[in-house]
Amino acid sequence: METQVKTIETQTDTSRKRLPVLGDAANVDIDVEAELKKFEIEQMAALGLEAGKEHWRDDNPTTFTGGQRAHTTLLISGLTMAHDLFLQGALRGIGYKVKAIDVPDNSALTFGKEFGNRGQCNPTYFTVGNLIKYVTWLRDDQKVPVKDIIENYVFVTAGACGPCRFGTYVTEYRKALRDSGFEGFRVLLFQQQGGLKQATGDEQGLKMNPEFFKVMLKAILLGDVLNMVGYRIRPYEVVPGSTNAAIEASKKLIHDAFSSPKEKSLLWAMIQTRRNLMNVRVDRSIVKPKVSIIGEFWAMTTEGDGNYGLQKFLEQEGAECDIQPVTAWILFMIWEQTWDTQQRMVLRGEDKSRKGLAGVNVRKKLLMLWLAKHAIKGTFYGVGHIMGLHDVHLADMDTVAEAAAPYYNNHLRGGEGHMEVGKLILNIAKAKATMTLSVKPFGCMPSAGVSDGVQSMITEKYPQGIFCPIETNGDGAVNVYSRVQMMLFKARLAARAEYQSELEKNGLTVAELREYLKAKNWRGSSLFYPRHGSVASSAANLVQHVVADLKKTRTGKVIDFTKRLLQRGSKTASAAETGSADARVAATAN
């Protein structure tokens, strides 16, 4: 007689209940929420946890009323020097007292480690320490009483949650401020500012209204454009330091225009910036590897000791830096909202979660997101054209997501999400950069813990790529520089080989190339940037660009220009069609 063996399929456990399955009539009357709550209570009892016990919260003093605005100075910091300066001017222009703190340096790191918790990531120590350093300077050097500092200064920063220590920054600020003698100092997070009224009923000191966001966006866009054009020009300048001198003069013009909008024209400042940069003499026939800097947002953006001054170091070592603009992060956040909405709108039931679509007009939301994306892109390109940033293309977030999807789930969030993986793939597959440098803090969970693990697979798939991941922790600069130099050696060889190959293939010499640039006012100017072709380095792209010009008649150039315009138009139409399709799906879902 055969003995029946119990398997998972045949075994019946009366203590377990099946949840409803689409198309299955069994157990459809089960109250899923009740079952989950029951399970939660059972597990809490098994773990010895008390039901209903609230998590500990560190109350953060955030009261900042309209009546305090006149005597309160907002402290800001965290982006590049240009961004912080422009944000300072923009907020002053709408009536706030603002001070941009200097870029965090190693002395800020010392303050951060002295008063912060152990085991924090590099940006925490630098940014928290930078605030403590500044208020300590006010107290000890400027002899400002602590009471006056607490009453007359407020630090404004960004806040978020997720699988990263970024969500605990405000607690770190509180702990460090308390331990350094500034108990009660206010730290305001953007995500905490939910409306124009506070719990006290008084007018809110920091008004998050359309005017506020408009000047903030302008400052960010102009900061991005000035930084990007600067990194394009500086490696090829003939007179060392001339680019920095032009940029510093332009920064002052733009800051003053922001801070005094009724007296000075921002448009005039942008035009004058173009003139300042146009006066820089360059030689773009010099061969330099293009290094794309990606990674954790703060580590790849800051320009000081927080990332060992990598941008400056790379330029000193003979490389051209391809930086990531803050605008790309804004576009990524819009993409996240669009993606999540598209995923949620096809759910079988009404989604009532915190980010759910219950009561939301999905069609309108998708349309507004589409308009926001194209408004930001259009404004960026317009500002870039005025200030001298030509032939630039912001990353298409759908393309980045599609490239990363086979290796990194687009649903995963935290840090840069899938962007690091997608950017590396596109940098190699489309020859956007000679080398990719990924910068992140030591122990950064989303970047070092996840993205770098995936990147090893990408480098196996694309062995021709030059990829250098580094981690920052405030010390060990020599080791980081040494590692970068080794990879830069490969990148330099690759850039030279690429350049020589293009010259030989097209029958052009370096002398002929330089003679051509000297004869062409625009082609030889600092604001000219060769269109990206099939190669990575700017010098090799320049050869392709020049050869194409030499071989074409005037009629051919007009035809090519028309084709490029039509291609841009078709891309815009395709994007609009995608937006319409999303809206139709949303209407069907509603």
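Every value quoted in this text rests on a predicted model; they were computed, and no experiment measured them. (Residues numbered from 1 in each chain as written. Predicted model: local features only at pLDDT ≥ 70, side-chain atom pairs only at ≥ 80, totals over all residues. Heavy atoms only, no water.)

Asks: I'd like a rundown of the overall build of the protein, residues and numbers included.
Replies: A count of helical and extended segments in the protein gives 20 helices and 8 strands. The 590 residues of the protein split such that 47% are buried. Sequence-distant contacts in the protein: of pairs separated by 6 or more residues, those separated by 24 or more amount to 74%. Put simply, the protein shows about 30,500 Å² of open surface, and 55% of that area lies on carbon and sulfur atoms. (Helix = DSSP H or I, 4+ residues; strand = E, 2+ residues; numbered from the N terminus. Buried < 20%, exposed > 50% of the residue type's maximum accessible area, 1.4 Å probe, protein only. Contact = heavy atoms within 4.5 Å. Areas by Shrake-Rupley, 256 points an atom, 1.4 Å probe, with all protein chains shown as cover.)

Asks: Can you explain the sheet that holds strand 4 (residues 186–189)? Please cite residues and give values.
Replies: Read across the sheet, 4 strands follow the order 2-1-3-4 without closing on themselves; strand pairing throughout is parallel. The sheet is open, and its two edges are formed by strand 2 (97–100) and strand 4, each paired on a single side. Averaged over all pairs of adjacent strands, the angle between strand axes in this sheet comes to 30°, irrespective of strand direction. Alignment of strand 1 (residues 73–76) against strand 3 (residues 153–157), held across 3 bridges, turns out to be parallel. (Pairing = 2+ DSSP bridges. Axes fitted to C-alpha atoms, helices over the stretch in contact; angles between N-to-C directions.)

Asks: Can you lay out helix 15 (residues 419–429) for me, pointing to particular residues and giving the numbers?
Replies: Residues three or four positions apart in an α-helix share a direction because the helix packs 3.6 residues into each turn. For helix 15, the tally of buried residues reaches 10 of 11 residues, placing the bulk of the element in the interior. Residues of helix 15 that are buried: Met-419, Glu-420, Val-421, Gly-422, Lys-423, Leu-424, Ile-425, Leu-426, Asn-427 and Ile-428. Looking one or two residues past helix 15, Ala-431 carries a phi angle of roughly 50°, positive in sign.

Asks: Account for the environment of Leu-217, naming residues and giving values.
Replies: You can see Leu-217 is positioned in helix 7 (residues 210–233). Judged by its relative accessible area of 28%, Leu-217 falls in the partly exposed class. On a C-alpha basis, the gap between Leu-217 and Thr-379 in space is 9.9 Å, while along the polypeptide they are 162 residues apart. Setting aside residues no more than four positions away along its own chain, Leu-217 makes contact with Ile-330 and Ile-376.

Asks: Tell me about the pattern of salt bridges, and name the residues and values.
Replies: Using the criterion set out here, one finds 13 salt bridges in the structure. Across the salt bridge formed by Lys-264 and Asp-256, the nearest N and O atoms sit 3.9 Å from each other. Residue Lys-264 is classed as partly exposed on the basis of its relative accessible area, which comes to 41%. Among the ionic pairs, Lys-505 bridges to Glu-502, the shortest N-O distance being 3.2 Å. Here Glu-502 and Lys-505 lie together in helix 17 (residues 477–505), a separation of 3 residues that amounts to about one turn. When its relative accessible area of 5% is taken as the criterion, Glu-502 is described as buried. (Salt bridge = Lys/Arg side-chain N within 4 Å of Asp/Glu carboxyl O.)

Asks: Please provide a residue-by-residue account of the pairing of strand 3, values included.
Replies: For strand 3, a buried count of 5 out of 5 residues is recorded, marking the element as mostly surrounded by other parts of the structure. Taking every second residue as pointing to the same face, both faces of strand 3 are buried, with Tyr-153, Phe-155 and Thr-157 on one and Val-154 and Val-156 on the other. Here strand 3 runs beside strand 4; their pairing, made up of 4 bridges, is parallel. Directly across from Phe-155, in strand 4, lies its bridge partner Val-187.

Asks: Tell me about the packing of helix 7 against helix 8 (residues 242–259), and name the residues and values.
Replies: The contact between helix 7 and helix 8 brings their axes to 11 Å, and the two run at 170°. Taken together, the axes of helix 7 and helix 8 lie roughly antiparallel to each other. Contacts from Val-215, Lys-218, Ala-219, Leu-222, Leu-226, Gly-230 and Ile-233 in helix 7 reach Thr-243, Ile-247, Ser-250, Lys-251, Ile-254 and Phe-258 in helix 8. Split into classes, the residues belonging to the contact of helix 7 with helix 8 amount to 8 nonpolar, 3 polar and 2 charged. (Parallel < 35°, antiparallel > 145°, perpendicular 65-115°, else oblique. Nonpolar A, V, L, I, M, F, W, Y, C, P; charged D, E, K, R; others polar.)

Asks: Can you break down the sheet that holds strand 5 (residues 290–295) residue by residue, with the values?
Replies: What links the strands of a sheet is backbone hydrogen bonding, and the strands pair in either a parallel or an antiparallel sense. Taken in spatial order, the 4 strands line up as 6-5-7-8 in an open sheet, and their pairing is parallel. The sheet terminates laterally at strand 6 (320–322) and strand 8 (467–472), the two strands that pair on one side only. Taking the axes of each pair of neighbouring strands and ignoring which way they run, one obtains an average angle of 30° across the sheet.

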